[in-house]
Amino acid sequence: MLRHNGVMHTQAPSRPHAAAPQPAHRAPLLAALAAALPADALLTQPEQLGPYECDGLSMYRQPPLAVALPYAAAQVQAVLRICHAHNTPVVPRGAGTGLAGGALPSADAVLLSLARLKRIARIDALARVAVVEPGVRNAAISEAAAGYGLYYAPDPSSQIACSIGGNVAENSGGVHCLKYGLTVHNVLGVRGFLADGTPVSIGGEAPDDSGLDLLALMMGSEGLLAVVTEVTVRLLPRPRHAQVVMAAFATVEDAGDAVAGIIGEGIIPAGLEMMDALATRAVEDFVHAGYPLDAGAILLAESDGTLEEVADEIARIEAVCRRHGAVSLATSQSEAERLKLWAGRKAAFPAVGRITPDYYCMDGTIPKKRLSAVLRRIAELSEQHGLACANVFHAGDGNLHPLIFFDANQPGDVERAEAFGLDILRACVEAGGVITGEHGVGVEKLDAMCVQFAAPELSTFHAVKAAFDPAGLLNPGKAVPTLHRCAEMGGMHVHGGKLLHPDLPRF
Amino acid sequence: MTHYEPEGRTPDPEEARLVDEVRAAGTEGRVLHIRGGSSKDGLGGTPRGSGLSTLGLKGIVDYDPAELVVTVRAGTPLADLQAELAAHGQMLPFEPPAWPDATVGGTVASGLSGPRRAFSGSVRDALLGVRLIDGRGQLLQFGGQVMKNVAGFDLFRLQAGAWGRLGVLLEVSFRVLPRPQSELTRVLQMDADQAIAHMNQLAGTPVPLSAAAWFGGLLHLRLSGSAAGVQAALSGVGGEPLDPLSAERLWADCAAQPPGFAETAAAAESVPLWRLAVPAATRSLAAEGEEAIDWCGGLRWLRTHAPAEAVRALATSLGGHATAWQNNLARPAMHPLDPVRQALHRRLFDTLDPDGVFDSGRFDADAAAVVAPAGA
Ligand SMILES: Cc1cc2nc3c(=O)[nH]c(=O)nc-3n(C[C@H](O)[C@H](O)[C@H](O)COP(=O)(O)OP(=O)(O)OC[C@H]3O[C@@H](n4cnc5c(N)ncnc54)[C@H](O)[C@@H]3O)c2cc1C
């Protein structure tokens, strides 16, 4: 078993919106829920609540008041209506793989699991759309569409477990999002319910909904605006062919220049990933993917499409890499070789987990041109904080995942890792980037939000939340910090994630 | 009220002037009607209120082709931006209508995309961030200059197609794409229903389609990509080649309205024009009027004398929506919203623009709702 202890911490998340209901209200609430749901769809016993007390960010734990596990949209609506009538917060949950605590319960809340709504309602091969319930796993959509030569493009590395409802709530990305877009680019419509149970239908198969683009607002809204019970997604034809180039460079700067060179050639690779020397060595020792151990950085660039398109693009990618001083170059000549070259990148997190007792994964995005500067800054910070850091990143879209090494059993290490992480996120914002590229804010990055946004923007976010949920009962306290919290904040605090799903590949 | 400047930026005098105008309008209870190049004045009804021009906001703020990101001020002529991108072998992915005098701000606010929309996304898909003045006269910044960003609600994407109802756009950032190495257009003779089937079938195979439109009895297909990839795909597509210059003109026209469609007999008789968005594989609407098809079936131009309620009911029954276009006095021009979304709109307007400064009537969500939510 790999050990991933993550960052320990003591600070509890704040839940400013909802006051705990009086105990007297609990019994009528539970009675109403019990009347509206099948017997096995309501959990209230402490031992039943355990599995729902956290999501992928497991150092935050809090059992909810009760867990509702509806089988159908009508039951979801009933739960929302009842909770609204009883002034009780509701926390939606998909598969619970979120890394920012978005599905963390509060003691006074009903946790609403959408996991049992897992029907694929319809696949229309001609129109290239699928209509699915929110609990359907991301990978299950592509599996169901495979018979038509189609697939659902966004592929978070948690895709065998995470739900499409969770993807919508987080606007999840994947290795192929440089070419094929994020969740927001691949979802055509959602249906669901507002906090008070009002049914809402946004977007659909017809392009460009009339009125404001509320669909864009729903993407990445972390369960604060509505509970989604149906998602219409766009399907794409599965590319016939794919090949990957692995190029090694003496320095991270050279690799960064090659990334700019590839884009400058007019190529949008299907995937464009980079690892620094520390990550490369950790990976090579672990999976023997064939990465050179003396490289300062390696780049993986994938091309997909028809045979002709791929052959052409691969030749051009190879030429760019040579021009930018690649010290070695390997191109997959078979599907097995392609998977082997990717295996290293996919194993980067567990590989790092083998050489450090704990690590702390960050998720900032920066303009690509600042990559070398930010990596130099991270190296300086690493010296300063006395902790090593391996860098793995989605180089095509500037999404960095620095992995800070520490040992939770060493006194002071946790605090140093947190301080280091905080400085990295600051460096991302200073470089013109953002505090989270794909993992979301949840409860984890509430303080970091205070660094990225000023009071007028934060107030506007609260206003939008209030327009959808005037009573503030849907996933309260997540995603947007109170102005009070930002004012109180002496410095930015960022907490890392304990790995709950070590079986899943990590990018 | 707080007036805040993003750190590290010196206040821009033109932006400061616009802020003052918005605040004064709010205080005095006046309505402002935001204007760029006025190229879309014919759409969506006559706005009320006094004009607020963005033409003082010109220029590209930041453009590094290797980032695939451009940041540009709202009053910049769209043509200037497109020329700059073309000079670096890049383009806006959504192929907006290039009406003379169109500005970048108006392009975002109207949310209008061209033929490439069905394959490389819409205006909002390419939008990465905005700076704007809201109804309270606050200078706000949402999104950024990076592709992956999940911090905060996506209020920048909400600006696309909002017709300025939520604020004055000052500066926008787009994701851009490399111009394809090679583009070829093929023309096939067939009726509308055959064309709808053919284009959708092709789009389900790994062929580098970048446009599919039908009008005047002809299906037009565009392939874009590497020269080798486009050549290899041609055999599966069939049809006759269209010379590159004509093809370029044809697709540029399509972004505004299919070529020839403005000159038909029905057009000459000023039959009202509608723009319907429908699911891509929807049957031909030829029985309801004169039809042209774009966006691989998702966009239907329809010229018909049918009453507005009938066209709207048709669009709703197909799972789509209908916007009144030329020669069309149906109001609201925008497809009416169901009561739930209408209430959400009203609450968003009330909170983001409490004094109704931007309620110029162009964006008619306040019109009476007549359409029940489909299946809700
Ligand atoms: C090993 C591992 C790898 C990962 N890799 C990636 C990656 O490559 N890219 C990436 O982007 N993310 C990644 N993630 C993060 C996570 O998988 C995604 O954020 C995912 O979208 C969460 O889906 P979920 O179903 O688990 O949602 P949950 O964790 O259950 O919930 C996430 C949020 O969505 C809300 N929510 C869930 N369902 C609904 C609904 N139906 N209606 C309204 N709100 C809802 C919840 O309230 C919560 O705020 C990874 C996580 C793990 C553990």
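Note: the structure precedes this text.
Please read all numbers here as calculations on a predicted model, not as lab measurements.

A. How the structure looks around the state of the cysteines. According to the stated counting rule, one finds 1 disulfide over all chains in the structure shown. With a sulfur-sulfur separation of 2.0 Å, C450 of chain A is cross-linked through a disulfide to C486 of chain A. Taking the sign of the torsion about the S-S bond as the criterion, the disulfide between C450 of chain A and C486 of chain A, at about -80 degrees, is left-handed. Of this pair, C450 of chain A sits in helix α16 (residues 446-452) while C486 of chain A sits in helix α18 (residues 483-488); the two residues are 36 residues apart in sequence, bridging distant segments of the chain. Take C450 of chain A: its relative accessible area is 15%, and that puts it in the buried class. Unpaired in this structure, C54 of chain A has its nearest cysteine sulfur neighbour in C162 of chain A, at a distance of 17 Å. By relative accessible area, which is 6% here, C54 of chain A ends up buried. We note that C254 of chain B lacks a disulfide partner, and the nearest cysteine sulfur, in C296 of chain B, lies 13 Å from it. Look at C254 of chain B and you get buried, because its relative accessible area is 2%.

B. Structural context of the interface of chain B and chain A. Contacts between the two partners involve 79 residues from chain B and, on the opposite side, 84 residues from chain A. Of the roughly 6600 Å² buried where chain B meets chain A, counting both sides, 63% is carbon and sulfur surface. For the interface between chain B and chain A, the tally reads 7 salt bridges. For K369 of chain A, the salt bridge goes to D62 of chain B, with nearest N and O atoms at 3.9 Å. At the junction of chain B and chain A, the tally comes to 20 residue pairs in polar contact (both at pLDDT 80 or more). At the level of elements, β3 (60-64), α4 (117-120), α5 (123-126), β7 (139-143), β9 (177-178), α6 (192-203), α7 (227-237) and α11 (339-352) of chain B are the ones that each hand at least two residues to the side of chain B that touches chain A. Partitioned by chemical class, the residues of the side of chain B that touches chain A number 43 nonpolar, 23 polar and 13 charged.

C. Unusual backbone geometry, seen in detail. The linkage connecting R331 of chain B with the following residue, P332 of chain B, adopts the cis geometry, with an omega of 0 degrees. Of note, N87 of chain A is a non-glycine position whose phi angle comes to about 50 degrees, a positive value. Mapped onto the elements, N87 of chain A comes out in the loop between α3 (73-85) and β3 (90-93). Phi at L68 of chain B is positive, roughly 60 degrees, even though this residue is not glycine. With respect to the element layout, L68 of chain B can be found in the loop between β3 and β4 (69-73).

D. Looking closely at the sheet that holds strand β2 (residues 66-68) of chain A. Residues and elements named next belong to chain A. Reading across from one edge, β1-β2-β4-β3 is the order of the 4 strands in this open sheet, with mixed pairing throughout. Bordering the open sheet on either side are β1 (42-43) and β3, each of which pairs with just one other strand. With 2 bridges connecting them, β1 and β2 associate as antiparallel partners. When the sheet's bridge partners are listed, L42 is paired in β2 with A68. Against the sheet, α3 makes contact with β2, β3 and β4 (110-113), and its axis sits at roughly 165 degrees relative to β4, the strand it touches most.

E. Quick peek at the pattern of salt bridges. Residues and elements named next belong to chain B. As enumerated under the stated definition, the model contains 45 salt bridges over all chains in all. Ionic pairing is found between R222 and E183, a salt bridge with its closest N-O pair at 3.9 Å. Here the residue R222 occupies a position in strand β12 (residues 218-225), and E183 occupies one in strand β10 (residues 182-189), the gap between them amounting to 39 residues. Classification of R222 as buried rests on a relative accessible area of 3%. Relative accessible area serves as the criterion here: at 34%, E183 is assigned to the partly exposed category. Counted as one network, the salt bridges with shared partners bring together D12, E15, R73, R131 and E171.

F. Geometry of the site of the ligand. Residues and elements named next belong to chain A. Of all residues adjacent to the ligand, which total 35 residues, the nearest are P92, G94, T97, S158 and S163. G94 is positioned such that a nitrogen or oxygen atom in its backbone is 2.7 Å from an oxygen atom of the ligand. One of the side-chain N or O atoms of T97 is found 2.6 Å from an oxygen atom in the ligand. For the shell around the ligand, the elements supplying multiple residues, two or more each, are β3, α5 (164-170) and β10 (227-234). Broken down by element, the residue count for the shell around the ligand peaks at 5 residues, all from α5. Of the residues contributing to the shell around the ligand, the split by class is 13 nonpolar, 17 polar and 5 charged.

Analysis parameters
Residues numbered from 1 in each chain as written. Chains lettered and ligands numbered in written order. Predicted model: local features only at pLDDT ≥ 70, side-chain atom pairs only at ≥ 80, totals over all residues. Heavy atoms only, no water. Disulfide = S-S within 2.5 Å. Helix = DSSP H or I, 4+ residues; strand = E, 2+ residues; numbered from the N terminus. Buried < 20%, exposed > 50% of the residue type's maximum accessible area, 1.4 Å probe, protein only. Contact = heavy atoms within 4.5 Å. Buried area = accessible area lost by both parts, 1.4 Å probe. Salt bridge = Lys/Arg side-chain N within 4 Å of Asp/Glu carboxyl O. Polar contact = N/O pair within 3.5 Å; in protein donor to acceptor, adjacent residues only side chain to side chain. Nonpolar A, V, L, I, M, F, W, Y, C, P; charged D, E, K, R; others polar. Pairing = 2+ DSSP bridges. Axes fitted to C-alpha atoms, helices over the stretch in contact; angles between N-to-C directions. Near = heavy atom within 4 Å.

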